[in-house]
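# Architecture and fold: a report
Listed below, chain by chain, are the residues.
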Amino acid sequence: MTAVEAAPAGWLTNVRATPATLAQWWVLTVRLIVPSVKTGEIITAVLAPITFTASFYIPLNRVMSFAGLGFSSYAQFMAPIVILQACAFTAVSAAFRAAADAVSGLDRRFDAMPMHPLVPAAARMSSNIFRLLIGLVSAVISTHVIGFRFVGGTAHTLGFLALGLLIGASFCLGADAIGTATRSPEATSQMLVLPPLILGMLSTGLAPAHQFPHWVQPFVRNQPVSQYAEGLRALGSDTLGKASPVTWSLMTPTVLWLVGSTAVSCYFLARQNLKRS
């Protein structure tokens, strides 16, 4: 007898994580992770950050170093955008999976079972975090190869890694909500490819704000990708001490964007799943 079949009647109304709930979450999580390992999806999660690193660094290193960055190296400057692109890539996969579950009728089948309505979404998020961790490790190693170094101390290094993970989790939450709402894997993937590309190019991830035309500089400085990049860059620090110091004034916009986007994503994700129960 499976954990789903063994769940007692009426437990749907119980919001606590009962043993049955945890067992169901674990079974569904393994259902998502194991095929991704067997089909080579994990290899894609490893190769994507390597591709981003090479695509950004090889053509832009000499140009940006010549133009002046205020940093010891272009690798130290651009490392945050590789982290953010790895997060965005994982989010696109998360949206595709959520949309596929919705359009295939799998969500409706789960609704008919004695299962808390948030368990499938929690399982998808767990598998997303699994792929996200692999992508972040690949991103850190890739940028280390081209010259990026953690020089801000242990606390700043842990803060850098934690912030990257939280940003990626926030991206995945929003992507899961979008995928569940659209119920179209193809349309969802197309919707989520352009925003990371546009926001990434029009951000301080690849070039300082002052190198953009004056009319677009306010947007470049204040949009979320730039704020995330600035926060990560400060935590990563610089070998010549040219990075901005980690202060509340610097980190507050980053934290506000992160908290705000996460709250909105959680609201819509919970609403989508709970209204079916």
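We now turn to the structure provided with this report. Because the structure is a prediction, the values reported are computed rather than measured.

## Looking at the environment of V37
- Among the structural elements, V37 can be located in helix α2 (residues 19-38).
- Placed 94 residues apart in sequence, V37 and R131 show a C-alpha to C-alpha distance of 9.9 Å.
- Residues within four places of V37 in sequence aside, it is in contact with I42 and F130.

## Here's the deal with helix α6 (residues 119-146)
- The first and last C-alpha atoms of α6 sit 41 Å apart over 28 residues, in line with the 40 Å expected at 1.5 Å per residue.
- Just past α6, the residue G147 takes up positive phi, approximately 125°.

## Observations regarding the packing of aromatic side chains
- Across all of its chains, the model carries 11 aromatic pairs by this definition.
- Judged by centre distance (6.5 Å) and plane angle (20°), the rings of Y57 and Y74 are stacked. A residue pair is termed long-range when its members are at least 10 positions apart, and Y57 in helix α3 (residues 41-67) and Y74 in helix α4 (residues 74-103) qualify at 17 residues.
- Their ring planes at 55° and their centres at 6.2 Å tell us that F171 and Y228 sit as a pair that is tilted. Placement of F171 in helix α7 (residues 154-182) and of Y228 in helix α10 (residues 224-236) is noted, with a sequence separation of 57 residues between them.
- Judged by its relative accessible area of 25%, F171 falls in the partly exposed class.
- Clustering of aromatic rings is evident, with ring pairs tying together Y57, F71, Y74 and F77.

## Section: the pattern of salt bridges
- Here the structure, examined in full by the defined rule, presents 6 salt bridges.
- Two residues, E41 and R97, come together in a salt bridge whose shortest N-O distance is 3.1 Å. Placement of the pair is E41 in helix α3 and R97 in helix α4, with a sequence separation of 56 residues.
- Overall, the relative accessible area of 23% leaves E41 in the partly exposed class.

## As for the environment of T182
- Position of T182 among the secondary structure elements: in helix α7.
- Residue T182 is classed as partly exposed on the basis of its relative accessible area of 29%.
- Considered as a pair, T182 and A95 are 87 residues apart in the sequence and their alpha carbons are 9.4 Å apart.
- If we ignore the near neighbours within four places in the chain, the residues touching T182 are A99, T188 and M191.

## Some points on a nonpolar patch on the surface
- A cluster of nonpolar side chains, contributed by W26, V27, V30 and V34, occupies part of the molecular surface with about 340 Å² of accessible area.
- Looking at the secondary structure, you find W26 in helix α2.
- Taking the relative accessible area as the measure of exposure, W26 reaches 51% and is therefore exposed.

## Focus: the layout of surface pockets
- Counted as a void, the largest pocket has a volume near 640 Å³.
- Surrounding the largest pocket, 27 residues form its lining, S170, F171, G174, I178 and L192 being those nearest its centre.
- For the lining of the largest pocket, the leading source of residues is α7, giving 7 residues.
- In the lining of the largest pocket, the residues fall into 20 nonpolar, 7 polar and no charged.
- Along its surface, the second largest pocket is lined by 14 residues, and F52, Q85, V193, P196 and L197 are the ones closest to its centre.

Reading the values: the criteria
- All chains use their own residue numbering, which begins from 1 and follows the written sequence.
- Note on the predicted model: pLDDT of at least 70 is required for a residue's local features to be given, and 80 or more for side-chain atom pairs to be given and counted; whole-chain, interface and lining totals, by contrast, use all residues.
- The side-chain figures draw on all heavy atoms in the structure; neither hydrogens nor water molecules are used.
- The helix and strand labels rest on DSSP assignments: H or I over at least four residues marks a helix, E over at least two residues marks a strand, and numbering proceeds from the N terminus.
- We call two residues contacting when some pair of their heavy atoms lies within 4.5 Å.
- Expected span of a helix, by definition, is 1.5 Å for each gap between consecutive residues, and there is one gap fewer than residues.
- Each Phe, Tyr or Trp ring (for Trp, its six-membered ring) is paired with any other whose centre lies within 6.5 Å, and the angle between the two planes then decides the class: stacked below 30 degrees, edge-to-face above 60, tilted in between.
- Burial classification: accessible surface area is computed with a 1.4 Å probe over protein chains only, and a residue below 20% of its type maximum counts as buried, one above 50% as exposed, and the rest as partly exposed.
- The salt bridge criterion pairs a side-chain nitrogen of Lys or Arg with a carboxyl oxygen of Asp or Glu, the two atoms within 4 Å.
- Within this analysis, patches are made of residues with over 30% relative accessible area and no salt bridge. Like charges are joined at 9 Å or less; nonpolar side chains (Val, Leu, Ile, Met, Phe, Trp, Tyr) at 5 Å or less.
- Computed with the Shrake-Rupley method and a 1.4 Å probe, the accessible areas treat only the protein chains shown as cover for residues.
- In the cavity and pocket records, a cavity denotes points on a 1 Å grid over the protein atoms alone where a 1.4 Å probe fits but cannot get out, a pocket denotes an open set with protein on both sides within 12 Å along at least 5 of 7 lines, and lining residues are residues with an atom within 4 Å of a point.
- Grid points are joined across faces, edges and corners, and a volume is the space filled by probe spheres set on the points.
- Polarity classes work like this: nonpolar for Ala, Val, Leu, Ile, Met, Phe, Trp, Tyr, Cys and Pro, charged for Asp, Glu, Lys and Arg, and polar for all others, with Gly in that last group.

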